[in-house]
Amino acid sequence: MNDNVWKKLYQDNSVLLYEGFTFHDKPCGSGTSFFANGNKYQEGVFDVKGLVCGREYYPNGRVRFEGLFRVNTGYGPDP
């Protein structure tokens, strides 16, 4: 059985938190996480510790960081 499936994960009050590939209901693979206001928070490739490679946004939608992440800390060029 393949545990890596495309899913939408919601907060208790039906707010979309994540859409993308999951492994045992945790983000793992390509996907997008969202702020409570519906704007993108992070998009790219996730593993069990968080975003590995991609973009992170401010709540207003502006790009905060783009590049590679290590232990949830970004490194690389900051646009």
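The coordinates are above.
This one's a predicted model, so the numbers in the text were calculated from it and none came from an experiment. Chains are numbered independently. Their residues run from 1 in the order of the written sequence. With the structure being a predicted model, the display of local features is reserved for residues of pLDDT at least 70 and the display and counting of side-chain atom pairs for 80 or more, all residues being used for whole-chain, interface and lining totals. Side-chain metrics in this entry use all non-hydrogen atoms of the structure; hydrogen atoms and water are not considered.

Asks: Let's hear about the nonpolar core: which residues, and what values?
Replies: In these notes, a set of buried Ala, Val, Leu, Ile, Met, Phe, Trp, Tyr and Cys residues joined through side-chain atoms within 4.5 Å is what counts as a nonpolar core. Note on classification: 1.4 Å probe, protein chains only; a residue is buried when its accessible area is under 20% of the maximum for its type, exposed when over 50%, partly exposed between these limits. If you look at the biggest cluster of nonpolar residues, it comprises six residues: L9, Y18, F46, L51, F65 and F69. When checking whether two residues touch, look at their non-hydrogen atoms; a contact exists if any pair is within 4.5 Å. Once you skip the residues sitting within four places of it in the chain, Y18 turns out to touch K7, K8, L9, P27, C28, G29, S30, G31, T32, S33, F34 and F46.

Asks: Residue-level account of the pairing of strand β5 (residues 50-57), with values.
Replies: Whether two strands pair comes down to DSSP finding at least two bridges between them. Secondary structure elements follow DSSP: runs of H or I of four or more residues count as helices, runs of E of two or more count as strands, with numbering from the N terminus. Two strands pair when backbone bridges link them, and strand β4 (residues 40-47) and β5 are joined in this way by six bridges, in the antiparallel orientation. Along β5, the bridge assignment pairs G44 with G54. Judged from the five bridges that link them, β5 and strand β6 (residues 63-70) form a sheet pairing that is antiparallel. The residue bridging E56 from the neighbouring strand is F65, located in β6. Hairpin connection between β5 and β6: a loop of five residues separates the two successive antiparallel strands, and G61 in this loop has a positive phi of roughly 100°.

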